[in-house]
Amino acid sequence: MTDSKLKYYQNIDQNAKNVAENFKNNLPVTETVLSSIIAMYESAKVEQVFKDEFFETAYHSPITGELEFYIARILYHLSKLENKNWKILLRRQESKTAPDIRIAKGNKTIAIIEVKAKAGWIQPFLSPERYENDKNRLLNGKSGFNPDHLITSSKNQLTKYFDTFGITNNDVFLFLPTLALVHRKKYTTDLDGYYNYFATTSGLPKENLILLSKNKRLDLSYQTNDLSPTNDFEKLLTRLTEY
């Protein structure tokens, strides 16, 4: 089992290295990253192979761990190619704080990236329409959920790094492949509206929301077409290589 899992992570790492090399060669890489995430979801469903008349499963493992590793290894290989001497710290705790990905150079933290495979559980933090819906349900006694508490908690999670690592809001990023579970069919918010709302709720610059797709309804766990890549990830890598 160890050998099989090692081979799987080696495949992810090789893909990450290819992405870093392509970026170094001024090629777009976001579509490759989106396709890799699709492959991770397909891999997570492999237990469906065992389905028969006496066995069924609707569960598949989350891919967040693999995705965090993938992004971290892209940064690792990019650092090697650019001679940046970054240290990539994946879920490493310091002062009871454990960012998903922290990039350090020498003794200085230069960036933190929080990685979400999907954002279903923080929808009010990212969607103004979901916030209004949840707020109205609370005020009308139809729910005990207060979206303001979730927004405060989510914002605190992003901003707690300022004191711990001596960085500013310009250095903290939220990586989110798509708006799956955030944007609903009946919603009218456009893409720029989501970026602006994120800036309001998070206190971070809107450019620090790293979306991979312009397709607001794209769900990589089952969709493989109309990927509509943005260039947010390329912009992030370019910003980081300026350090």
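Residues numbered from 1 in each chain as written. Predicted model: local features only at pLDDT ≥ 70, side-chain atom pairs only at ≥ 80, totals over all residues. Heavy atoms only, no water.

Caption draft 1: Focus on the sheet that holds strand E3 (residues 108–115). In space, the 5 strands of this open sheet follow the order E1-E2-E3-E4-E5, with mixed pairing throughout. A single partner strand is all that each edge strand has here, and the edge strands are strand E1 (86–90) and strand E5 (209–211). Taken pair by pair, the neighbouring strands of this sheet meet at an average axis angle of 20°, ignoring direction. The sheet contact formed by strand E2 (residues 101–105) and E3 spans 5 bridges and is antiparallel. Across the sheet, residue Ile101 finds its bridge partner in E3, namely Ile113. (Pairing = 2+ DSSP bridges. Helix = DSSP H or I, 4+ residues; strand = E, 2+ residues; numbered from the N terminus. Axes fitted to C-alpha atoms, helices over the stretch in contact; angles between N-to-C directions.)

Caption draft 2: A look at the packing of helix H1 (residues 2–24) against helix H2 (residues 30–44). Closest axis-to-axis distance for the H1/H2 pair is 11 Å, and the angle between their directions is 170°. It follows from the interaxial angle that H1 and H2 lie roughly antiparallel. On the side of H1, the interface is formed by Tyr8, Ile12, Asn15 and Val19, while H2 contributes Thr32, Val33, Ser36, Met40 and Ser43. Among the residues making up the contact of H1 with H2, the classes are represented as 5 nonpolar, 4 polar and no charged. (Parallel < 35°, antiparallel > 145°, perpendicular 65-115°, else oblique. Contact = heavy atoms within 4.5 Å. Nonpolar A, V, L, I, M, F, W, Y, C, P; charged D, E, K, R; others polar.)

Caption draft 3: View of a nonpolar patch on the surface. On the surface, Val46, Val49, Phe50 and Phe55 cluster together into a nonpolar patch covering about 440 Å² of accessible area. Inspection of the secondary structure assignment puts Val49 in the loop between H2 and helix H3 (64–82). Residue Val49 is classed as exposed on the basis of its relative accessible area of 66%. (Patch = residues over 30% accessible without salt bridge, like charges linked within 9 Å, V, L, I, M, F, W, Y side chains within 5 Å. Areas by Shrake-Rupley, 256 points an atom, 1.4 Å probe, with all protein chains shown as cover. Salt bridge = Lys/Arg side-chain N within 4 Å of Asp/Glu carboxyl O. Buried < 20%, exposed > 50% of the residue type's maximum accessible area, 1.4 Å probe, protein only.)

Caption draft 4: Expanded view of the environment of Ile38. Positionally, Ile38 belongs in helix H2. Setting aside residues up to four positions removed in sequence, Ile38 forms contacts with Leu220, Gln223, Thr224 and Leu227.

Caption draft 5: Up close: the pairing of E3. A large share of E3 lies buried, amounting to 7 of its 8 residues. The antiparallel hairpin formed by E2 and E3 contains 2 residues in its connecting segment, where Gly106 sits at a positive phi of about 65°. Pairing of E3 with strand E4 (residues 172–176), which is carried by 4 bridges, proceeds in the parallel orientation. Considered in E4, the bridge of Ile113 is made with Phe173.

Caption draft 6: Representation of the nonpolar core. Tyr70, Ile103, Ile113 and Phe233 are the most contacted members of the largest nonpolar core, which has 42 residues in total. Elements with a contribution of two residues or more to this core: H1, H2, H3, E1, E2, E3, E4 and helix H9 (232–241). Sorting elements by how many residues they give to this core places H3 first, with 8 residues. Once you skip the residues sitting within four places of it in the chain, Ile103 turns out to touch Leu75, Trp86, Lys87, Ile88, Lys108, Thr109, Ile110, Ala111, Ile113 and Leu240. Formed by 26 residues, the second largest nonpolar core is a distinct cluster that contains Tyr131, Leu174, Leu191 and Tyr195. (Core = buried A, V, L, I, M, F, W, Y, C linked by side-chain atoms within 4.5 Å.)

As far as function goes, none of this settles anything; it's purely spatial.
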